[in-house]
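The primary structure of each chain is shown beneath.
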Amino acid sequence: MKASLIAIDWGTSNLRASLLDAHGDLLETRSASGGVMAVPERRFADALLALCGDWIDTHAVPLIASGMIGSRQGWQEAPYIACPASLPAAAAQLVKVEVRSGAVLHIVPGIRCFGADAVHDVMRGEETQLWGAGLAAGDCCVLPGTHSKWAWLGEEGKVERFETFMTGELYGLLTKHGILGRLMAFGTARPETFDAGVRLGLTQHGNALHVIFAARTAGLMGDIDPQGLPDYLSGILIGLEIASATARHPQRCVTLLGDDDLCSRYETALGIAGVDSRRASEGATTRGQWRVAVEAGLVKERA
């Protein structure tokens, strides 16, 4: 079937391009390790053309992108839309950048909110996934990752509010650049130590800076062997995240959206916490990009 849109998912570490047909279905996909932070001398046009320049030449269809490409570190900064944030509001504020003569990339804005704790929060890329995930009003969606997001949906797909937890980044910093990683041996899955870490994080979330150190002392005292410590720390941090989020916003069920392996960890941890979970269907990013493109009038969806 004839192509109608090139959808770009451009994050901090990776670049992914999808060629979509007139129904928004996937025709072809390509990826590269050329994330926003890896593009030399801000040569974003060159990076995009290297990945899918032939698509642009052959199909001459609109291009849309979401993710960190619209951040201050990206190609051009796109605005943040205030919560409650709707898909039509995002479609009305796409930022245009020229890839080359005759080819324009439309960048989806991020969203922002101001929490009851008087703290600002932002997201880029996840909002497009949420709009493509088919969520219902009242749903809570958890997007695990470097910066995990908990988002609450309102009527007509609006993102009412959300909170960010630096769980993944903290794990990386502690294991690669801190003393906790010195005793760890990586590469062996230890589900039982993960579960133990989750339980500790859940029960001691008000004592986080203390219990994180248990990922060292459990090794020093011989309670957990080096192979089990990485999963123990992972469990502690995810348990702390879940306990913190649900203490303020009690949840009976959440939808998980993201990497399969990481969602499996959260599934286990949420189960220990007594919270039911379900998985969002695959392809939420490209479906969200397609929906924004349709709303913005870049493409017309066939019945």
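Look above for the structure.
Quick caveat, the model's predicted, so the values are computed rather than measured.

**What about unusual backbone geometry?**
Following Cys 83, the chain continues to Pro 84 via a peptide bond in cis, the omega torsion being 0°. The backbone phi angle of Arg 42 is positive, close to 55°, even though this residue is not glycine. If you trace the backbone, Arg 42 turns up in the loop between strand 3 (26-32) and helix 1 (44-59). The backbone of Ala 60 sits at a positive phi, close to 50°, despite the residue not being glycine. Within the secondary structure layout, Ala 60 lies in the loop between helix 1 and strand 4 (63-66). A residue is classified by how much of its surface remains accessible, and Ala 60, at 66% relative accessible area, is exposed.

**Focus: the packing of helix 5 (residues 191-203) against helix 9 (residues 260-272)**
Packing of helix 5 against helix 9 brings their axes to within 10 Å, and their N-to-C directions diverge by 50°. As the angle between them shows, helix 5 and helix 9 are arranged oblique. Here the hand of the crossing between helix 5 and helix 9 comes out right-handed. Residue-level contacts link Phe 194, Asp 195, Val 198, Arg 199 and Leu 202 of helix 5 to Arg 265, Thr 268, Ala 269 and Ile 272 of helix 9. Residue composition of the contact of helix 5 with helix 9, by class: 5 nonpolar, 1 polar and 3 charged.

**Some details on the packing of helix 5 against helix 8 (residues 229-248)**
Their axes nearest at 6 Å, the elements helix 5 and helix 8 cross at an angle of 35°. Two packed elements cross with a definite hand, and for helix 5 against helix 8 that hand is right-handed. Together, Pro 191, Thr 193, Phe 194, Ala 196, Gly 197, Val 198, Leu 200, Gly 201 and Leu 202 of helix 5 and Asp 231, Tyr 232, Ser 234, Gly 235, Ile 236, Ile 238, Gly 239, Leu 240, Ile 242 and Ala 243 of helix 8 make up the contact between the two elements. Looking at the contact of helix 5 with helix 8, its residues break down into 12 nonpolar, 6 polar and 1 charged.

**Here's the deal with the side chain of Thr 167**
By secondary structure assignment, the location of Thr 167 is in helix 4 (residues 167-177). Residue classification places Thr 167 among the buried residues on the basis of a relative accessible area of 10%. Among all residues touching Thr 167, those that are not within four sequence positions of it are Thr 146, Ser 148, Leu 237, Ile 238, Glu 241 and Tyr 266.

**Quick notes on the environment of Val 36**
Mapped onto the elements of the fold, Val 36 is located in the loop between strand 3 and helix 1. In this structure, the C-alpha to C-alpha distance between Val 36 and Tyr 266, residues 230 residues apart in sequence, is 27 Å. Beyond its immediate sequence surroundings of up to four residues, Val 36 is in contact with Trp 10, Gly 11, Thr 12, Phe 44, Met 68, Ile 69, Gln 73 and Gly 74.

The rules behind each value
- Residues numbered from 1 in each chain as written.
- Predicted model: local features only at pLDDT ≥ 70, side-chain atom pairs only at ≥ 80, totals over all residues.
- Heavy atoms only, no water.
- Helix = DSSP H or I, 4+ residues; strand = E, 2+ residues; numbered from the N terminus.
- Buried < 20%, exposed > 50% of the residue type's maximum accessible area, 1.4 Å probe, protein only.
- Axes fitted to C-alpha atoms, helices over the stretch in contact; angles between N-to-C directions.
- Parallel < 35°, antiparallel > 145°, perpendicular 65-115°, else oblique.
- Left-handed = near helix turned anticlockwise from the far one by under 90°.
- Contact = heavy atoms within 4.5 Å.
- Nonpolar A, V, L, I, M, F, W, Y, C, P; charged D, E, K, R; others polar.

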